[in-house]
Amino acid sequence: MQERDLISWNSMMVSYVQDAKSLDALEILAEMISTGKEVNYITFTCALAACSNPKFLIEGKILHALIVVSGLFEWPIVGNALVTMYAKAGMMTEAERVLQTMSRHEVVTWNALIGGHVENGQTDEAMKAFQLMRKEGISADYITITSVLGACVTPNDLRKYGTPIHAHIVLTGFESDKYVQNSLITMYGKCADLASSKYIFDRLAHKNSISWNACLAGNSNHGHGEEVLKLIVTMRSDGVELDQFSFSEGLAATAKLAMLEEGQQLHGLAVKLGFEADSFVANAAMDMYGKCGEMDDVLRILSPPVNRSRLSWNILISAFARHGYFQEARETFDEMLKMGITPDHVTFVSLLSACNHGGLVDEGLAYYFSMSKDFGILPGIEHCVCIIDLLGRSGRLDQAETFIAQMPVPPNDLIWRSLLAASKLHGNLDLGRKAAERLLELDPSDDSAYVLYSNVCATTGRWEDVENVRKQMGSNNIKKQPACSWVKLKNRVSSFGIGDRTHPETKEIYTKLGELKKMIKEAGYVPDTSYALQDTDEEQKEHNLWNHSERLALAFGLINTPQGTTIRIFKNLRVCCDCHSVYKFVSEITRRKIILRDPYRFHHFSRGKCSCCDYW
Ligand code: ZN
Ligand code: ZN
């Protein structure tokens, strides 16, 4: 083998590190050491960079020892690389220890330490390091400032740190730095102070796409989807080019609002501008189609298995789960494992909700236990909610209670709400009362606790208790969140409340409802009045059911769309059992496909059946 001098050995390592081939870079170092080649501070800096992947932490620690022995530690660049390596592996105590033993601290070393804390979500520690740095008389640069701004992610962080840092920025003249400006927009956006975020954004002399994206992300994260779409329109009219981040924020907004047409337009534009193959855009588009009920489009734009990231797999599993295709969700999970992709906690939330929608109790429990046993993922509250839902719906109420007592995380409102709903479903008044009490302890103003509890009393025929709950709600000034359903036709949204008679087509709607009622009764529909909240006679209960918002929306949809087309309806609360049954009958007698989206899932009605198989 020909002799190579130090420079060419080092440059070979650099190129391996740049290509993320850590193992190859470390093999070069091993070869250099074992053949007695000369090494210098650059060799070690490269090797440390190769170890910044947490997988190579042991190698990194060996390097650390070698560096101390070789005396190369005094090179600030080596110390900096060590701090960075430990910070990236999340070993902040080691990173700090390295920093303490170094004689000279440069801003770049502090930046590595602060950046490490921020990446590991350690806001307080990042700020402590920032204060220490200033105490040592080291001036921050724009990287330090953008790092510490990035550490502020909650309204509390903003009060404690963000506002003082903003003052520091003004005093030190960093206000005119465009990176700092964009980080300020992002910080205020993350900390839910959208007004301040917008204020800074509006006053920027030169808005680049990063500034626009920072503004988009702030609005998107706080559920202001309509604002996101408005910003995108302004962005385009101002001549700013949309990039993959703008498209993915825009698509996420249309997904949350279930605005299929706008989502399609945005996706079309992204394709036209050459972002079709971009993974951000493709994943956001898949998620949008999934959430808008277009499973065919999800599969159409899905990349081949070898090219799928974990995020793409997760979106696919979640889309199947949402649509009630639990078999497909499970198969997709198996395929994902076969392709060597490790699942994360999101994968399991989707899997468990797929089992939940399908009523697959044992499969769900098996996934829950396999999660920590086989994949080392600790169950979070979302997973526990899925299990309680699953056990509760299938009537295993004792098991659900035991599960809550043994859960690795404290039960939250969703757990008690789910148990309460299960008590209602299975007519268990005692358990319902217990769950309602826990729920109201957590949030005394929670209207759904009262509503669900009075439902439990109603289904078990305890009308006196229903009346008591109603009185209590009145005295606490709590009102049930009103049900609302809506249909979107040609960019116009028509929404309906219970017994709504304000729509211009009210007369036609109620006539249509009368016709539907007659037709489906002939086809065998029997109203289920067991969920009525008042102890009135059966006829009145049935009449009340025909005032439900989802029925008004259905009648309106049928009147205003051509035969053969799919009707899409949205509801703000869970669809009621009887309306679900009406939708099935209507899909059969009118030969129409109906897609209903409530906050929990999609229901695809076709030829008298629903994709949820009546389990939701
Ligand atoms: Zn209903
Ligand atoms: Zn259904």
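Definitions and cut-offs
Residues numbered from 1 in each chain as written. Chains lettered and ligands numbered in written order. Predicted model: local features only at pLDDT ≥ 70, side-chain atom pairs only at ≥ 80, totals over all residues. Heavy atoms only, no water. Buried < 20%, exposed > 50% of the residue type's maximum accessible area, 1.4 Å probe, protein only. Helix = DSSP H or I, 4+ residues; strand = E, 2+ residues; numbered from the N terminus. Arc of directions from axis to C-beta. Pairing = 2+ DSSP bridges. Contact = heavy atoms within 4.5 Å. Axes fitted to C-alpha atoms, helices over the stretch in contact; angles between N-to-C directions. Right-handed = clockwise from strand over helix to strand, strands pointing away. 1 Å grid on protein atoms, 1.4 Å probe; cavity = no way out; pocket = protein on both sides within 12 Å on 5 of 7 lines; lining within 4 Å. Points joined across faces, edges and corners; volume = space filled by probe spheres on them. Nonpolar A, V, L, I, M, F, W, Y, C, P; charged D, E, K, R; others polar. Domains from an automatic or database assignment.

Q: Before we move on, can you summarise helix H12 (residues 194-202) with the specific residues and values?
A: Inspection of H12 places Leu194, Ser197, Ile200 and Phe201 among the buried residues, and these make up the whole buried set. Down the axis of H12, the buried set is contained in an arc of 125°. They therefore lie on one face. Structural note: H12 exposes Ala195 and Tyr199 on the side pointing more than 90 degrees away from its buried face.

Q: Now, about the sheet that holds strand S2 (residues 492-496): what can you tell me, with residues and values included?
A: Here six strands make up an open sheet; going across it, the order is S2-S1-S3-S4-S5-S6 and the pairing mixed. Two strands in the sheet have a free side with no partner beyond their single neighbour: S2 and strand S6 (609-610). As defined by bridge partners, strand S5 (residues 602-606) adjoins S6 across two bridges and the pair is classed as antiparallel. Bridge pairing links Ser606 to Lys609 in S6. Packing against the sheet, helix H32 (residues 577-590) makes contact with strand S3 (567-571), strand S4 (594-597), S5 and S6, and its axis sits at approximately 35° to S5.

Q: So, the pairing of S3: which residues are in play, and what are the values?
A: Here S3 lies mainly inside the structure; four of its five residues are buried. Where strand S1 (residues 485-489) lies against S3, three bridges are found, and the strand directions are antiparallel. Looking at S3, one finds that Val487 is bridged to Ile569. For the crossover from S3 across H32 to S4, the handedness is right-handed.

Q: Kindly report on the layout of surface pockets, identifying the contributing residues and their values.
A: In this model, the second largest pocket occupies a volume close to 390 Å³. Along the wall of the second largest pocket there are 24 residues; nearest its centre are Leu260, Glu261, Lys488, Leu489 and Arg568. Where the lining of the second largest pocket is concerned, the elements lending two or more residues are helix H16 (260-272), S1, S3 and S4. Per-element accounting of the lining of the second largest pocket gives the leading share, four residues, to S3. Split by residue class, the lining of the second largest pocket holds 13 nonpolar, five polar and six charged. Per-domain counts for the lining of the second largest pocket show at least three residues from each of domain 1 (207-302) and domain 3 (484-610).

These results come straight from atomic positions and should not be treated as a statement about function.
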